[in-house]
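# Per-entry structural report
One-letter residues, chain by chain:
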Amino acid sequence: MEGVWASIENISEAIWGTTEAIWSSGMVWRNDDYSQWDQVIYFINAVDWTEPWIIILMLFHLLTFIAIILSWGHFNIQAAILVLLALTCAASESLNKLAADNYRFVR
């Protein structure tokens, strides 16, 4: 189990290092008046988490994660999930246009 935690720690350090490199290079917008974490908090507070499409998107990701975990060791099911996700990615532009054309404000 210690090997798993060490791997997770190495991955998190690599991600943090990459994030720091991007922020310090100026590749993304930054405001020196606020820390990086302040900007994350401001973003989280700016999002309307009760928006139906955001809830649907979060549920989709949660259900996909659960399906992957439950199908652990079942190659055919995981292959089907992979194909379904790949097809969804391939059709994302069309799905986005369809959703944009048919979007109505709920409120």
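Refer to the structure above for everything that follows.
Residues numbered from 1 in each chain as written. Predicted model: local features only at pLDDT ≥ 70, side-chain atom pairs only at ≥ 80, totals over all residues. Heavy atoms only, no water.

### Describing the overall build of the chain
Operational definition: Numbering of helices and strands runs from the N terminus, with a helix taken as a DSSP run of H or I at least four residues long and a strand as a DSSP run of E at least two residues long. Two residues form a contact once any of their heavy atoms are found within 4.5 Å. Shrake-Rupley sampling with a 1.4 Å probe provides the accessible areas, and residues are treated as covered by the protein chains on show and by no other component.
Within the chain one finds five helices and zero strands. In the chain, the order of α-helices and β-strands from amino to carboxyl end is α-α-α-α-α. Intrachain contacts of the chain at a sequence separation of at least 6 include 21% that bridge at least 24 residues. Accessible surface, the chain: about 9500 Å² in total, of which carbon and sulfur atoms supply 70%.

### Some points on the side chain of Ser71
Worth spelling out the cut-off: A simple rule labels every residue: compare its accessible area, found with a 1.4 Å probe on the protein chains alone, to the largest value its type can have, and call it buried under 20%, exposed over 50%, or partly exposed in between. The definition of a polar contact used here is a pair of N or O atoms within 3.5 Å, where within protein one atom must be able to donate a hydrogen and the other to accept one, and adjacent residues in sequence count solely through side-chain atom pairs.
Take Ser71: it is sitting in the loop between α3 (52-70) and α4 (75-90). You can call Ser71 buried: its relative accessible area is 3%. A polar atom in the side chain of Ser71 sits 3.2 Å from the backbone oxygen of Ile68. Excluding residues that lie within four positions of it along the chain, Ser71 makes contacts with Ile77, Gln78 and Ile81.

### Let's talk about the layout of surface pockets
Space left empty within the atom packing is revealed by a probe, the size of a water molecule, rolled over the atoms. Under the convention used in this document: Whether a set of points on the 1 Å grid over the protein atoms alone is a cavity depends on a 1.4 Å probe fitting there but being unable to get out, while an open set qualifies as a pocket with protein on both sides within 12 Å along at least five of seven lines; lining residues are those with an atom within 4 Å of a point. Grid points are joined across faces, edges and corners, and a volume is the space filled by probe spheres set on the points. Charged means Asp, Glu, Lys or Arg here, nonpolar means Ala, Val, Leu, Ile, Met, Phe, Trp, Tyr, Cys or Pro, and polar covers whatever is left, Gly included.
Considering only enclosed or pocket space, the largest pocket measures out at about 220 Å³ in volume. If you list the elements that add at least two residues to the lining of the largest pocket, you get α3 and α5 (92-102). Counting residues per element, the lining of the largest pocket draws most heavily on α3, which supplies four residues. Residue composition of the lining of the largest pocket, grouped by class: six nonpolar, one polar and no charged.

### With respect to the pattern of salt bridges
As a reminder, the rule being used: Note on definitions: salt bridges are taken to be side-chain nitrogens of Lys or Arg within 4 Å of carboxyl oxygens of Asp or Glu.
Applying the stated criterion to the full structure yields one salt bridge. Between Lys97 and Asp101 there is a salt bridge, with its nearest N and O atoms 3.0 Å apart. Here Asp101 and Lys97 lie together in helix α5, a separation of four residues that amounts to about one turn. With a relative accessible area of 55%, Lys97 lands in the exposed category. By relative accessible area, which is 53% here, Asp101 ends up exposed.

### Quick notes on the environment of Ser92
With respect to the helices and strands, Ser92 occurs in helix α5. Assessed through its relative accessible area of 39%, Ser92 is described here as partly exposed. There is a polar contact of 2.8 Å between the side chain of Ser92 and the backbone oxygen of Cys89.

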